[in-house]
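Spelled out from the first residue to the last, the chains are:
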Amino acid sequence: MQTNSKRRFSATPQGVTLMALCATGLWGSAYPVVKLGYAAFGVVSGQTFSQMLFGGLRFAIAGAMILFSRLFVPAKTLLPRRGNWGAVCRLGLVYTILQYVPYFISISRLPGMKSAVIGASSGFFAILFGCLVFGSEKLTARKLAGCALGFAGVVTVNLGGSFAGGFRWDAEGLMLVKAMMSGLGAVLVRRYSKRDDPVTLCGWQFLLGGAAMALAGALGGGRLAPEGMRAWLIFGYLCFISAGGYGLWSVLLRDNPVSRVVVWQFMTPVFGTVLSMLLLHERALSWTFPAALALVCCGILTVNIRREAK
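The model shown is predicted, which means the values in this text are computed figures rather than measured ones. (Residues numbered from 1 in each chain as written. Predicted model: local features only at pLDDT ≥ 70, side-chain atom pairs only at ≥ 80, totals over all residues. Heavy atoms only, no water.)

Trainee: Can you lay out the nonpolar core for me, pointing to particular residues and giving the numbers?
Mentor: Judged by nonpolar contacts, the single largest core of 85 residues is most densely connected at Tyr103, Phe104, Trp249 and Leu253. Those residues within four positions of Leu253 in sequence are excluded, and the remaining contacts are Tyr95, Ala186, Val189, Arg190, Val258 and Val261. (Core = buried A, V, L, I, M, F, W, Y, C linked by side-chain atoms within 4.5 Å. Buried < 20%, exposed > 50% of the residue type's maximum accessible area, 1.4 Å probe, protein only. Contact = heavy atoms within 4.5 Å.)

Structural data, given as structure tokens:
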């Protein structure tokens, strides 16, 4: 089993680098593009059910895109193995509903750069869940130090300057909940992909979780008012972000230890910051943002530094 895994491109250093950069680049672009999507579909801050409808439709379509792509992969099935539907439902609950309901509510209340940095803490939650809850990895002093640096970055980003506003449970707090669920979902994907194809699981959890979100949003009175072709182009790109990013990430989690993969999540706030500046004209004028970003990056790198053999 291990030998076969090493033969996969996704388990090589080159494969991990390329696939992780693609995935985190897509996720980083989501922070500003979701805000553009809200504007294009007439969704404003505080319209929780409209945000759920918007996000649910996006993920359901992304799931359908992933499953459709499996038709062109030889020897791949569109259905999970018998007995694995419970895993699909748990992934849909954690990785889609419990992660993205807080995300879509909080992102409309936060600058794109701030959202990206807080969201980067998901890597630390993945390590903590893997070590303390599931016992898949050993929790070391080095990993604890890395987690401390990362959370220091999350605290620093809430200090003064262009990131003023303090800590609000309905904004920064919800983004942290999103990060926790992302970390837990990464560990679950790693566990469940040992028994089933990770891309198939990803497609079904998006389809079912997204459909549940969209239904709840519609029943709650959510409404969307797309403004021309531009709105649908933005929406199509957001669907591609989910399908492409999580498809790649699930394969990486299947073929590598969680800690080896989540180190690359520090690139998400880097991409998110640059694209927020370009697309939303946000500026990082205060010392707090580069300091916070440096702490987050150093924390994740510290967690994954391997001691050289003596």
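Trainee: Residues and numbers for the side chain of Ser50, please.
Mentor: Residue position: Ser50 is located in helix α3 (residues 48-69). Owing to a relative accessible area of 7%, Ser50 belongs among the buried residues under this scheme. Non-local contacts of Ser50, meaning those with residues more than four positions away in its chain, are made with Val43, Gly222, Arg223 and Leu224. (Helix = DSSP H or I, 4+ residues; strand = E, 2+ residues; numbered from the N terminus.)

Trainee: Now, about the packing of α3 against helix α10 (residues 228-255): what can you tell me, with residues and values included?
Mentor: Running from N to C, α3 and α10 cross one another at 60 degrees; their axes reach a closest spacing of 8 Å. What the angle tells us is that α3 and α10 run oblique. As α3 packs across α10, the resulting crossing turns out to be right-handed. For the pair α3 and α10, the contacting residues are Phe54, Leu57, Arg58, Phe59, Ile61, Ala62, Met65 and Ile66 in the first and Phe235, Leu238, Cys239, Phe240, Ile241, Ser242 and Ala243 in the second. Class assignment for the residues of the contact of α3 with α10 results in 13 nonpolar, one polar and one charged. (Axes fitted to C-alpha atoms, helices over the stretch in contact; angles between N-to-C directions. Parallel < 35°, antiparallel > 145°, perpendicular 65-115°, else oblique. Left-handed = near helix turned anticlockwise from the far one by under 90°. Nonpolar A, V, L, I, M, F, W, Y, C, P; charged D, E, K, R; others polar.)

Trainee: Lay out a nonpolar patch on the surface in plain terms, naming residues and giving numbers.
Mentor: A cluster of nonpolar residues, Phe68, Leu71, Phe72, Leu78, Leu79, Trp85 and Leu208, forms a patch on the protein surface that exposes about 710 Å² of accessible area. For Phe68, the location among the structural elements is in helix α3. (Patch = residues over 30% accessible without salt bridge, like charges linked within 9 Å, V, L, I, M, F, W, Y side chains within 5 Å. Areas by Shrake-Rupley, 256 points an atom, 1.4 Å probe, with all protein chains shown as cover. Salt bridge = Lys/Arg side-chain N within 4 Å of Asp/Glu carboxyl O.)

Trainee: Could you give an account of the environment of Thr48, naming the residues involved and the relevant values?
Mentor: The residue Thr48 is located in helix α3 in this model. For Thr48, a relative accessible area of 25% corresponds to the partly exposed category. On a C-alpha basis, the gap between Thr48 and Phe104 in space is 8.2 Å, while along the polypeptide they are 56 residues apart.

Trainee: Kindly report on the confidence of the model for the chain, identifying the contributing residues and their values.
Mentor: Scored by pLDDT, the chain comes out at a mean of 82, with 87% of its residues at no less than 70. Per-element confidence in the chain ranges from a low mean pLDDT of 48 for helix α1 (residues 2-7) to a high of 93 for α3. With pLDDT under 50 throughout, residues 1-6 is counted as low confidence; its partners more than four residues away or in other chains account for four contacts. (pLDDT = per-residue confidence, 0-100.)

Trainee: Help me get a handle on helix α2 (residues 13-40), residues and values and all.
Mentor: Given a rise of 1.5 Å per residue, 28 residues ought to cover 40 Å, and the 40 Å separating the end C-alpha atoms of α2 matches this to within 8%. Along α2, the sharpest kink reaches roughly 40 degrees, centred on Tyr31 and followed within four residues by the proline Pro32. Just downstream of α2 lies Gly42, where phi reads positive at about 70 degrees. (Expected span 1.5 Å × (residues − 1). Bend = angle between axes of the 7 residues up to and from the residue.)

Trainee: Could you give an account of the packing of aromatic side chains, naming the residues involved and the relevant values?
Mentor: Tallied over the full model, the rule gives 21 aromatic pairs. Ring centres of Phe41 and Phe54 lie 5.3 Å apart, and the angle between their planes is 70 degrees; this geometry places the pair in the edge-to-face category. Here Phe54 lies in helix α3 and Phe41 lies in the loop between α2 and α3, a separation of 13 residues in the sequence. Of the residues examined, Phe54 reaches a relative accessible area of 0% and is grouped as buried. Aromatic pair Phe59 and Phe206: ring centres 5.2 Å apart, planes at 5 degrees, arrangement stacked. Within this pair, whereas Phe59 is found in helix α3, its partner Phe206 is found in helix α9 (residues 198-219), the two being separated by 147 residues in sequence. Here Phe59 and Phe206 have matching classes, each one buried. (Phe/Tyr/Trp six-rings, centres within 6.5 Å; stacked < 30°, edge-to-face > 60°.)

Trainee: Before we move on, can you summarise a positive patch on the surface with the specific residues and values?
Mentor: A cluster of basic residues, Arg90, Arg191, Lys194 and Arg195, forms a positive patch at the surface. With respect to the helices and strands, Arg90 occurs in helix α4 (residues 85-107). The partly exposed category is assigned to Arg90, whose relative accessible area is 44%. (Lys, Arg positive; Asp, Glu negative; His and termini not counted. Charge placed at Lys NZ, Arg CZ, Asp CG, Glu CD.)

Trainee: Describe the side chain of Lys178, listing the residues and the values that go with them.
Mentor: Assignment of secondary structure puts Lys178 in helix α8 (residues 172-192). There is a polar contact of 3.4 Å between the side chain of Lys178 and the side chain of Gln99. With near-sequence residues (within four places) excluded, Lys178 lies in contact with Tyr31, Gln99, Tyr100, Pro102 and Tyr103. (Polar contact = N/O pair within 3.5 Å; in protein donor to acceptor, adjacent residues only side chain to side chain.)

Trainee: Lay out the packing of α2 against α10 with the relevant residues and their values.
Mentor: The interhelical angle for the contact between α2 and α10, taken along N-to-C directions, is 150 degrees, at an axis separation of 8 Å. In terms of orientation, α2 lies roughly antiparallel with respect to α10. Every pair of crossing elements has a handedness; the one defined by α2 and α10 is left-handed. By residue class, the composition of the contact of α2 with α10 is 23 nonpolar, six polar and one charged.

Trainee: Before we move on, could you go through the environment of Phe271 and cite the residues and values that matter?
Mentor: The topology assignment puts Phe271 in helix α12 (residues 267-279). Separated by 155 residues in sequence, Phe271 and Ala116 have C-alpha atoms that sit 8.5 Å apart. In contact with Phe271, other than residues within four places in its own chain, are Leu21, Thr24, Gly25 and Gly28.

Trainee: Tell me about the pattern of salt bridges, residues and numbers included.
Mentor: Within the structure shown, the criterion is met by five salt bridges. A salt bridge links Arg8 to Asp255, with the nearest nitrogen and oxygen atoms 2.9 Å apart. Here Arg8, found in the loop between α1 and α2, pairs with Asp255, found in helix α10; they are 247 residues apart in sequence, far enough to count as distant. You can call Asp255 buried: its relative accessible area is 7%. A salt bridge links Arg109 to Asp170; the shortest N-O distance between them is 3.4 Å. Of the two residues, Arg109 sits in the loop between α4 and α5 (112-119) while Asp170 sits in the loop between α7 (141-156) and α8, which places them 61 residues apart along the sequence.

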